[in-house]
Amino acid sequence: MSTSWVLNGTTYSEDDFSLENVGYYKIWARFWRDALAEIGNSSPNLVMQSVTALVAIVQGYAAQAAAARDGAVAVSGLGDLGAFSGQVQAGAPAAVFFYDTTRDGDGGAWRLRCAGKTWATQVLNTSTRGKRADFPGRVMFVADATARTVTAYDCDQSTPVMWAVIGGPGKNVDLGAGVPQMLARNGCLYIASNSTGLFEINFLGAEIVTRVTAGGTYIRGEPGVVNANNALSESVYLPARALVTNGAAGVDVTVLPGAPIDRATGLPRPTIAVATPGGVSVIHPSGQVATITDASGAAAVWFTSDGRLGYISGGGIISLGPVPYSTVAATAWRQYIYGDAATSGAINRPGTVAVTKAIVGGWFGGGAGLCLLAEDAVNPTAGMQAVVTSAGNTAYGGGAFNSGWMPGDIRLALSSTATGSVTTSGELVANGTFASSLTGWTAGAGWAQSSGAAAKTAGSAGNLSQTIATVAGQTYLFAADATRSAGTLTVQVAGATVATVTANGTMLVQFTATASSTAISFAGDASFAGTVDNVSVMGAEPDRCVRAIGMRVMGSLTRAAVSAIAPTDLSAWGGFSTSNYLLQPPSAALDFGTGDFSLSVWLRAGAVNQFVVARQPGTGAGYGTTPNWELFTNGSGNYQFNISDGTNGAFVADAGTHTAGTSYDHVVAVKRGSTLEIWVNGWRAATASAGAVGSLTNTAASLLVGCGYSGGALTGAWSAGAVALLRISATAPTPEQITRIFADEAPLFRAGARCVLGGASAAVQALAHDPDTGALYAAKGDGTSVFQGLIRTAHLAGLAATNNSDNHTGVAARQGGYVIATGNQAVAGQPPIFLRDRILSDRVPVAPIDGVHVAFPVGRTTDATATVVARFPVAEGDHGQVVFNVTAAEWGAAPTEIDGYQVRARFYRLPNGNVTITGVQHLGTDTESNTTAMDATLVALNDAAPGVGLQVQGVAGKTIGWASAAEITRFGGARYS
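Residues numbered from 1 in each chain as written. Predicted model: local features only at pLDDT ≥ 70, side-chain atom pairs only at ≥ 80, totals over all residues. Heavy atoms only, no water.

### Brief notes about the overall build of the chain
For the chain, the helix and strand inventory stands at 5 helices and 74 strands. What you see for the chain is a C-alpha radius of gyration of 33 Å, in line with the 30 Å of a compact globule of 977 residues. Over its C-alpha atoms, taken along the principal directions, the chain stretches across nearly 100 × 95 × 70 Å. Each of the 977 residues in the chain was classed as buried or not, and the buried ones make up 52%. Pairs at least 24 residues apart make up 63% of the contacts formed inside the chain by residues separated by at least 6 positions. For the chain, the accessible surface area stands at approximately 37,400 Å², while carbon and sulfur atoms represent 53% of it. Taken as two groups, the 54 positive and 63 negative side-chain charges of the chain have centres that lie 4 Å from each other. (Helix = DSSP H or I, 4+ residues; strand = E, 2+ residues; numbered from the N terminus. Rg over C-alpha atoms; globule rule 2.2 N^0.38 Å. Buried < 20%, exposed > 50% of the residue type's maximum accessible area, 1.4 Å probe, protein only. Contact = heavy atoms within 4.5 Å. Areas by Shrake-Rupley, 256 points an atom, 1.4 Å probe, with all protein chains shown as cover. Lys, Arg positive; Asp, Glu negative; His and termini not counted. Charge placed at Lys NZ, Arg CZ, Asp CG, Glu CD.)

### Here we look at the packing of aromatic side chains
By the definition in use, this model includes 32 aromatic pairs. Taken together, a centroid distance of 6.2 Å and an interplanar angle of 75° make the contact between Trp119 and Phe203 edge-to-face. Of this pair, Trp119 sits in the loop between β4 (95-100) and β5 (138-144) while Phe203 is found in the loop between β10 (197-202) and β11 (209-213), placing the two residues 84 residues apart along the sequence. Judged by its relative accessible area of 2%, Trp119 is buried. You can call Phe203 buried: its relative accessible area is 2%. (Phe/Tyr/Trp six-rings, centres within 6.5 Å; stacked < 30°, edge-to-face > 60°.)

### Describing the confidence of the model for the chain
Of the residues in the chain, 90% reach a pLDDT of 70 or more, and the chain-wide mean stands at 89. Predicted confidence in the chain is weakest over helix α5 (residues 835-843), with a mean pLDDT of 53, and strongest over strand β58 (residues 722-729), with 98. (pLDDT = per-residue confidence, 0-100.)

### Thoughts on the nonpolar core
Here is a general trend for soluble globular proteins: nonpolar side chains tend to be buried in one another's company. Counting residues in each nonpolar core, the largest one holds 58 residues, and the members touching the most others are Phe135, Phe141, Ile191, Ile201 and Phe203. Both of domain 2 (94-177 + 215-239) and domain 3 (243-350) provide at least three residues apiece to this core. Ranked by size, the runner-up nonpolar core spans 40 residues in total, among them Leu603, Phe641, Ala669 and Leu726. (Core = buried A, V, L, I, M, F, W, Y, C linked by side-chain atoms within 4.5 Å. Domains from an automatic or database assignment.)

### Overview of the sheet that holds strand β39 (residues 496-501)
Read across the sheet, 5 strands follow the order β33-β36-β41-β38-β39 without closing on themselves; strand pairing throughout is antiparallel. Here the strands that pair on one side only, and so sit at the sheet edges, are β33 (442-443) and β39. Direction of pairing for β33 relative to strand β36 (residues 462-469): antiparallel, over a ladder of 2 bridges. The partner of Thr442 across the bridge, within β36, is Ser465. (Pairing = 2+ DSSP bridges.)

### Overview of the pattern of salt bridges
Under the counting rule described, the total for this entry stands at 26 salt bridges. For the salt bridge of Arg148 with Asp174, the shortest nitrogen-to-oxygen distance reads 2.7 Å. Remark: Asp174 occurs in the loop between β7 (161-166) and β8 (181-185) and Arg148 occurs in the loop between β5 and β6 (149-154); sequence separation between them is 26 residues. Residue classification places Arg148 among the partly exposed positions, given a relative accessible area of 30%. Linking Arg211 and Glu234 is a salt bridge whose minimum nitrogen-to-oxygen distance equals 2.9 Å. Remark: Glu234 occurs in strand β13 (residues 234-238) and Arg211 occurs in strand β11; sequence separation between them is 23 residues. A relative accessible area of 14% places Arg211 in the buried class. It is possible to trace a salt-bridge network through shared partners that takes in Arg132, Asp134, Asp154 and Asp156. (Salt bridge = Lys/Arg side-chain N within 4 Å of Asp/Glu carboxyl O.)

### Topic: the domain arrangement of the chain
Segmentation of the chain into domains returns domain 1 (4-41), domain 2 (94-177 + 215-239), domain 3 (243-350), domain 4 (425-550), domain 5 (555-751) and domain 6 (853-970). Each side of the interface is counted separately: domain 3 has 13 residues, and domain 6 has 13 residues. Taken together, the two surfaces of domain 3 and domain 6 that pack against each other cover about 1,100 Å², and 61% of this comes from carbon and sulfur. It is Pro257, Gly258 and Tyr325 in domain 3 that bury the most area against domain 6; as a group they hold 52% of the surface buried on that side. Applying the counting criterion to the domain 3 and domain 6 interface returns 3 residue pairs in polar contact (both at pLDDT 80 or more). For the side of domain 3 that touches domain 6, the per-class residue count stands at 6 nonpolar, 6 polar and 1 charged. (Buried area = accessible area lost by both parts, 1.4 Å probe. Polar contact = N/O pair within 3.5 Å; in protein donor to acceptor, adjacent residues only side chain to side chain. Nonpolar A, V, L, I, M, F, W, Y, C, P; charged D, E, K, R; others polar.)

### As for the pairing of strand β52 (residues 664-672)
Most of β52 is tucked away: 9 of the 9 residues are buried. Here β52 shows no split at all, with Tyr664, His666, Val668, Val670 and Arg672 on one side and Asp665, Val667, Ala669 and Lys671 on the other all buried. In terms of strand pairing, strand β47 (residues 597-604) meets β52 through 8 bridges, oriented antiparallel. Within β52, the position partnered with Val601 by the bridge is Val667.

### Some words on the sheet that holds β5
The strand order across the open sheet formed by 4 strands is β4-β5-β6-β7, and the pairing between neighbours is antiparallel. Taken across any chain shown, the strands that pair with only one partner, and hence form the sheet edges, are β4 and β7. Between one strand and the next, the sheet's axes are offset by a mean angle of 20°, whatever the strand orientation. Relative to β7, β6 runs antiparallel, the two sharing 5 bridges. Residue pairing for β7: Thr151 is matched across the bridge by Val165. (Axes fitted to C-alpha atoms, helices over the stretch in contact; angles between N-to-C directions.)

Set out below in structure tokens:
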């Protein structure tokens, strides 16, 4: 019989609060309401007695719950795992990897089929073998270059413990000097060694340990992982399965669509890419190797998420292209380059600091910070990039910044984390107009004042130079006009060449001073004849994009964190007036002609009739009658985008009212073909026709931020508002890209948001991506910064209790946990795992390996050449039939080529034979809407990975994207049963 009591006229019993009463949780609110009321009209002692009785009952139920939990742990063998953070291995590791078997092709189920493996029957509790026989679900691998071993740590425990130590000097696994990378997939550990090539340690199948070099693939010892610790015994296994050169700088492994199933393991056979000093060697499931030859070597290699290949050359240039199936030179293979200021690519990152690290997902790291690439695989020039640095950065204008997304052919990117006022430097060059003399300049042979300019005659080499006062770390904009009739003029700032004049024109060059004085020099060779005029140097806000043309600070502006609630990394410019604004002199980079262009900016609203950005000719002749464009708030407080060719104009405005406030809007103004668009906070607010507007090129127009011209005078200052993350591009971003820009950048404006690398160092030494949480880990010499998108969520430092080193040289991450290689130890962290979560995760069904229905990455054509855009391998003895569904569309806002096909064929490959295709048929009627005929068919491919290919024919001069999926029915050598 249960106990009962009365509170405020309501009777309660202990049964009301039993876990067996499904509605017990609803009683609590009424109970506390009545208890508080009882305090007001009853004896406090009586109430306390009732509450005490109830507490005793609740404690009893808590004890029952704890007993039930302990019973579940005893039966299941599972328990809560506490969080861990600290050292797992002393000594400086060469490389680390966090292996999560649930990411394997069968979700890690292969671990249950290994009771007879040599490592599962090995003697336990020794110096090289832990107490657990079966393979852990999560493993941290730590490579020790000094001991030349790899230690596997069991991470299914609260504290990682040694599971096995593999290899050592003179043993079958002897890592040698330098282990730049290792990874594991589908039960195989891959270790790249600079000196010994690629090691493959197979925990499945026949447990073969191999080493791949330029001489072929060698078996190390007898089959069985336990033999990896025996004395070295090596024999050549597959001479043709060889790297292009000895040594491996990096490795990546993927399973391509339609990969054959290994009957010995039940898992798909992988494709392996190895970076070497001679290029990239790709080992196909067939065992054949195709190499991308590159004399500059490959420092890193990776497979993209859509099945293509990328690598970083020895010079730090990023190349991307299709997976090769025959040996090919890099120049003939690459589809495009992600270049820098010195190497023209499809899109170019700022600066020339070499990128040395890369991971799947488009993150790259180097000496100047992080670069993130969001590719457009069909039209690479329309991709986006973002750059993230730290306070110690000296490139890209210097200092810490997060550029936000820069679309396509970026022409200007303003971003800052600095706060406080910034004031004009004034003109720093003395007598830059050479009105009557060369006073203030040191003139060498051939230089003299002539017709209001500094002129040089041919005959002798000579320099014209001046030293100006600067502030170390401050960014400046150098400008000069030059004419040339012969020879070459080299322009140097602080001893570095910033421009070479080979034709008439205007130079605009951004530089960051390194000392309190800076020398400017015009060096004419003996043949040079020409002039220099209008030389200027003024303090500037740096341009973070590849163009590197900053904006002069006119007057004085404020820079403040974008959130007043809690300081953010990102700051905005404010305090605008007709005397205080940013100015970029006339620049050819902003002459868009009749082409597309866009502005992307974050605004804290001002008032009506105020300019945000304006490109106008100013007070000079032609105002209002020459090309111009502006973004401003109109008389109704709407955001409005105007363009004019000087005769015909067009505008588009949103319907919102944007007046002074504390929040920021993301505004994107776009000219796409003959249409104007304005987007506000990820939504297209309005469109308008601009078909009558001609060229917008204006060589006399300056760019202003914070005010504009009207009637020839400065006016309409953005006085009540602020401006952040201004980007101008010669590319019109797609709707999908605009939506992503808003979604990814909005968190930068939240209170307390961090968006730059933690610590002072900008040099990224290693990268890792956690596929479970989406987090990016950037290891540096002063800790590891963790990012979610463009936001930094943590900076990991001081992780070891003793002998700590914050020099983080390697990192890997899975399921919210990480392992980091430091200068003194391997440290790790993993979050707590609760019993309930472990039980539920065990219930998650593993997706079956489907070799029948295969979707392929989107391919592309840029001409009418027959091109294979999708393929799948065919093993010896295979017979089958395939049906491909294909759709094709021209890239762009108004495609004229849109086709669809369904193609069927039979295929087979006899033992020791080639692939044969028969009975190719187009099913039904092709759906074609085009101006030029296109086609799709199936062909036999007999190369490094024999198989069936989807071969298409596009249209000359047009970029066509090809999406395809196949249904493959087969039996024979590769059949899985």
